[in-house]
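An overview of the molecular structure
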Amino acid sequence: MADDLTRREFVKLGVTGAAALAVGPGLAAAAPPMPERPLGRTGHMVRLFSLGGQASIEQPDKHDVSIAIINRAIDLGVNYIDTAAAYGRARTPDTPRWELNGISQTYIGEVMATRRKEVFLASKTDDRTRDGSLKLLEQSLKLLKTDHLDLWQLHNVMRDEQVEQIFAKDGAIEALLKARDQKMVRFLGITGHYDPAVLIKAIERFDFDAILMALNPADPHRLPFQTELLPLAKKKGLGVIGMKIPARDRLFRADGVSTMKDAMSYTLTLPVDTVIIGCKTVEQLEENIALAKNFTPLPKAEMARLEGLTTGYVAEAQWFKRNPVAGAPVENDQNTED
């Protein structure tokens, strides 16, 4: 698989750096910290690499490796963990969302029971109504074993009609405001990887604290998030979290972008505060943290070179975006974000 090839290439080039991160459980202070950036106006200094709650962490048969990944991430200095009510949720459309436990939150909650104070914890609601979102929040707090979230986000807002529903009477924005007023959440955010124009409308309409958006080297070629949305988010002081860094490994090609180092370096060179990536194994986690630890910004020529490498497979590397061809079918409604 491309992912395995990429990571083997990394091990050959960067095993020394990865090995330097090796510390025992509970010895996070001994690990050299990753570089930090301010997460917008939240006051939180976030490390360059943050843990996404997908990959192994959303799979019901991956309990032991998921717990190991989460603990190891915190041991090595990760201080932002992202999850969602939808991650690992059973796909039974006739059952209300809030009656389906998301396994990602369950696994993360197992670790949060003893390590909650060590991380900035983010989750999401994919319900567009006030009452439905509040029920999801109640479930999230229970599964995550916490009395509050640091960031609660509107999950994968894709279309104008969803924005209208969110901001209508009894819409989800009322749930976000109530939750913040009652101190169940500290900050409010929005996420999306489908259409940047929709997110622009949303952040112009409400003063969110953070935004999670898709950014990788193929982004400039199709409905780019970095052209207008990213500058607007920075202008408004939002914390910016990058996702879809390897596009679930569809970015990697032998004749294209071929390493996680290039993928992560590209996005971290943009004006983002951190990136979230889901990990299949502890070894992948350690490799990604080593890359973040040793990150240096790329020159413009190298950014352009990486963008150029993706021109032959833009649709694959940007599979999560709206198809801009008139009359084309909807490609993907899934809430997959890291």
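Residues numbered from 1 in each chain as written. Predicted model: local features only at pLDDT ≥ 70, side-chain atom pairs only at ≥ 80, totals over all residues. Heavy atoms only, no water.

With respect to the pattern of salt bridges
As a reminder, the rule being used: The salt bridge definition used is simple: a Lys or Arg side-chain nitrogen within 4 Å of an Asp or Glu carboxyl oxygen. Going along the chain from the N terminus, every DSSP run of H or I of four or more residues is numbered as a helix, and every run of E of two or more is numbered as a strand. Three exposure classes are used, based on accessible area relative to the maximum for each residue type with a 1.4 Å probe and protein chains only: buried under 20%, partly exposed in between, and exposed over 50%.
Under the defined criterion, the tally for this structure stands at 21 salt bridges. Its salt-bridge partner being Asp75, residue Arg115 comes within 3.0 Å of it at the nearest N-O pair. One end of the pair, Arg115, is in helix 3 (residues 103-115); the other, Asp75, is in helix 2 (residues 63-75), and 40 residues separate them in sequence. Here Arg115 and Asp75 have matching classes, each one buried. Arg205 is the salt-bridge partner of Glu164, the closest N and O atoms lying 2.9 Å from each other. Taken together, the residues Glu164 in helix 5 (residues 160-167) and Arg205 in helix 7 (residues 196-205) connect sequence positions 41 residues apart. One salt-bridge network, in which partners are shared between bridges, spans Arg41, Asp207 and Asp209.

Brief notes about the pairing of strand 6 (residues 149-154)
Heads up, the condition is: In this analysis, strands are considered paired if DSSP registers two or more bridges between them. We call a crossover right-handed when, viewed with the strands running away from us, the connection from the first strand over the helix to the second turns clockwise.
The buried fraction of strand 6 is high, at six of six residues. Note: strand 5 (residues 120-125) against strand 6, four bridges, orientation parallel. Across the sheet, residue Thr125 finds its bridge partner in strand 6, namely Leu154. Crossover connection from strand 5 via helix 4 (residues 130-143) to parallel strand 6: handedness right-handed.

Looking at the packing of helix 5 against helix 7
Which entries qualify depends on this criterion: In this analysis an axis means a line fitted to C-alpha atoms, helices contributing only their contacting stretch, and an angle means the value between N-to-C directions, from 0 to 180 degrees. Oblique is the label for any angle not covered by the other classes, which are roughly parallel (under 35 degrees), roughly antiparallel (over 145) and roughly perpendicular (65 to 115). Here a crossing is taken to be left-handed if its near helix is turned anticlockwise relative to the far helix by less than a right angle, and right-handed if that turn runs clockwise. Any two residues whose heavy atoms approach within 4.5 Å are treated as being in contact. Residues are grouped as follows: Ala, Val, Leu, Ile, Met, Phe, Trp, Tyr, Cys and Pro are nonpolar; Asp, Glu, Lys and Arg are charged; every other residue, Gly included, is polar.
For the pair helix 5 and helix 7, the least separation of the axes is 9 Å and the interaxial angle reads 20°. Comparing the axis directions of helix 5 and helix 7 gives the class roughly parallel. For the element pair helix 5 and helix 7, the recorded crossing hand is right-handed. Note on element contacts: helix 7 touches helix 5 through Val198, Lys201, Ala202 and Arg205, opposite Asp160, Val163, Glu164 and Phe167. Of the residues assigned to the contact of helix 5 with helix 7, the class counts are four nonpolar, no polar and four charged.

Details of helix 10 (residues 282-293)
We count it as follows: Under the convention used throughout, the expected extent of a helix is 1.5 Å for every residue step, that is, one less than its residue count.
In this model helix 10 runs 16 Å from its N-terminal to its C-terminal C-alpha over twelve residues, within 8% of the 16 Å that 1.5 Å per residue would give. The element helix 10 is largely enclosed, with a buried count of ten among its twelve residues. Considered for burial, the residues of helix 10 that qualify are Val282, Gln284, Leu285, Glu286, Glu287, Asn288, Ile289, Ala290, Leu291 and Ala292.

Regarding the packing of aromatic side chains
Here is the rule: Any two rings among Phe, Tyr and Trp, with Trp reduced to its six-membered ring, count as a pair given centres within 6.5 Å; such a pair is stacked if its planes are under 30 degrees apart, edge-to-face if over 60, and tilted if neither. A ring has a charge above it when a Lys NZ or an Arg CZ is no more than 6 Å from the ring centre and no more than 35 degrees off the ring normal.
Following the criterion strictly, the structure yields five aromatic pairs and no others. A ring pair is formed by Tyr80 and Phe120, whose centres lie 5.5 Å apart and whose planes are at 10°; its orientation type is stacked. Residue Tyr80 is found in strand 4 (residues 80-82), and its partner Phe120 is found in strand 5; the two are separated by 40 residues along the sequence. Just as Tyr80 is buried, Phe120 falls in that class too. Over the face of the ring belonging to Phe320 we find Lys244, whose NZ or CZ atom lies 5.5 Å from the ring centre. If you follow Arg250 out to its NZ or CZ, it ends over the ring of Trp319, 4.2 Å from the centre.

Let's talk about helix 11 (residues 300-309)
Note the cut-off: Taken from the helix axis, the directions to the C-beta atoms give the arc we talk about.
Taken as a whole, helix 11 has its buried residues at Met303, Leu306 and Glu307. Seen end-on, helix 11 carries its buried residues on one side only, within an arc spanning 100°. Those residues of helix 11 that are buried lie in contact with helix 9 (260-269).

Details of the sheet that holds strand 10 (residues 274-277)
The parallel closed barrel is built from eight strands, whose spatial order is 3-4-5-6-7-8-9-10. Direction aside, the axes of adjacent strands within the sheet are offset by 30° on average. Sheet topology places strand 6 next to strand 7 (residues 185-192); five bridges connect them, and they run parallel. By the bridge assignment, Leu149 is partnered in strand 7 with Val185. Its contacts with the sheet put helix 6 (residues 172-181) on strand 5, strand 6 and strand 7, and the angle it makes with strand 7 is roughly 155°.

Points about the environment of Asp160
Among the secondary structure elements, Asp160 is positioned in helix 5. Accessibility expressed as a relative area gives 33% for Asp160, which makes it partly exposed. Here the alpha-carbon distance between Asp160 and Ala197, two residues 37 residues apart in the chain, equals 8.9 Å. Apart from the residues lying within four places of it in its own chain, the contact partners of Asp160 are Val198 and Lys201.

Thoughts on unusual backbone geometry
Not every positive phi belongs to a glycine, and Leu223 is a case in point at roughly 40°. Position of Leu223 relative to the elements: it lies in the loop between strand 8 (210-214) and helix 8 (229-235). One non-glycine residue, Asp249, lies in positive phi territory at about 75°. Examined against the element boundaries, Asp249 turns out to sit in the loop between strand 9 (239-243) and helix 9. Owing to a relative accessible area of 17%, Asp249 belongs among the buried residues under this scheme.

Some details on the nonpolar core
This is how the line gets drawn: Among buried residues, those of type Ala, Val, Leu, Ile, Met, Phe, Trp, Tyr and Cys that are joined through side-chain atoms within 4.5 Å constitute a nonpolar core.
Grouped together as the largest cluster of nonpolar side chains are 98 residues, with contacts concentrated most on Phe49, Leu51, Phe208, Ile211 and Met264. Leave out the neighbours within four places in its chain, and Ile211 touches Ile190, Leu199, Ile203, Leu229, Ala233, Leu238, Gly239, Val240 and Ile241.

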